[in-house]
Amino acid sequence: MDRTERERQAAQRRYLGWGLAFEPTMPGVDLARDIVFDDGPNGRVLALVAGTQNVAQSLSVALTTLRGSNVFDATFGFDGLNALAEQIEPSLIREQVRIGIITLLDRDPRVRKIVDVNLDDGRLGATGTDDAAHAALRASRTLQVQVQFETITDDRLSVHLGELPSV
């Protein structure tokens, strides 16, 4: 690793922070996360994430947490989950989810610019692509969410929220 790369990683750690590593207990579902342990010189220690991995993990946790459900920080979480429980048009639900994602990203000081918020329910895919995966997505009534953004350290990240049921 050269000096420039070490300086870039140090800047990422300084400006993007670090935290405990949490891994999904059921990968691909985003229902729950659990702490991770590493082997250290004196036994097992808590695993850490830093820099861009910390931002991606923090936003993934925030996007799968109902806003106001954290008693220690009522402003933490994603307000778009409330839209999924309302009896309104699916297109309005998607827009409320999109607005909730943008609001959450705007509140994080580590996010400099939102590049793309992609909501895919299989109905608005690329023209001419009507493969089995898109047909299954349409039939399942789920919404796949992919968010791309730039951090204050000029890194471009992509967070896949997973699937939201019944949209």
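Residues numbered from 1 in each chain as written. Predicted model: local features only at pLDDT ≥ 70, side-chain atom pairs only at ≥ 80, totals over all residues. Heavy atoms only, no water.

Draft legend 1. Region of the structure containing the confidence of the model for the chain. For the chain, the average pLDDT comes to 83, and 83% of its residues sit at 70 or higher. No element of the chain has a lower mean pLDDT than helix α5 (residues 132-140), which averages 67, and none a higher one than strand β5 (residues 43-46), which averages 95. (pLDDT = per-residue confidence, 0-100. Helix = DSSP H or I, 4+ residues; strand = E, 2+ residues; numbered from the N terminus.)

Draft legend 2. Expanded view of unusual backbone geometry. Even without a glycine there, the phi angle at Asp 154 is positive, about 65 degrees. Relative to the assigned elements, Asp 154 resides in the loop between β8 (142-151) and β9 (156-165).

Draft legend 3. Just a nonpolar patch on the surface, in detail. Together, Trp 18, Leu 20, Phe 22, Ile 35, Phe 37, Leu 46 and Leu 48 make up an exposed nonpolar region whose accessible area comes to about 620 Å². Tracing the sequence through the fold places Leu 20 in strand β1 (residues 18-20). (Patch = residues over 30% accessible without salt bridge, like charges linked within 9 Å, V, L, I, M, F, W, Y side chains within 5 Å. Areas by Shrake-Rupley, 256 points an atom, 1.4 Å probe, with all protein chains shown as cover. Salt bridge = Lys/Arg side-chain N within 4 Å of Asp/Glu carboxyl O.)

Draft legend 4. A look at the environment of Asn 70. With respect to the helices, strands and loops of the structure, Asn 70 is situated in the loop between α2 (52-63) and α3 (80-83). Within polar-contact distance, the side chain of Asn 70 engages the backbone nitrogen of Phe 72 at 2.9 Å. (Polar contact = N/O pair within 3.5 Å; in protein donor to acceptor, adjacent residues only side chain to side chain.)

Draft legend 5. Fine view of the packing of α2 against helix α4 (residues 90-107). Axis separation between α2 and α4 bottoms out at 11 Å; the angle between their running directions is 140 degrees. Overall, the two elements α2 and α4 adopt an arrangement that is oblique. For the crossing formed where α2 meets α4, the hand is right-handed. Within the contact between the two elements, α2 uses Leu 59, Ala 62 and Leu 63 and α4 uses Ile 101, Leu 104 and Leu 105. Looking at the contact of α2 with α4 residue by residue, the class counts come to 6 nonpolar, no polar and no charged. (Axes fitted to C-alpha atoms, helices over the stretch in contact; angles between N-to-C directions. Parallel < 35°, antiparallel > 145°, perpendicular 65-115°, else oblique. Left-handed = near helix turned anticlockwise from the far one by under 90°. Contact = heavy atoms within 4.5 Å. Nonpolar A, V, L, I, M, F, W, Y, C, P; charged D, E, K, R; others polar.)

Draft legend 6. Layout of the pattern of salt bridges. Applying the stated criterion to the full structure yields 8 salt bridges. A salt bridge links Glu 95 to Arg 98; the nearest nitrogen and oxygen atoms lie 3.4 Å apart. Separated by 3 residues within a single helix, Glu 95 and Arg 98 lie in helix α4, roughly one turn from each other. A relative accessible area of 37% places Glu 95 in the partly exposed class. One connected set of salt bridges, linked through shared partners, spans Arg 112, Glu 150, Asp 154 and Arg 156. (Buried < 20%, exposed > 50% of the residue type's maximum accessible area, 1.4 Å probe, protein only.)

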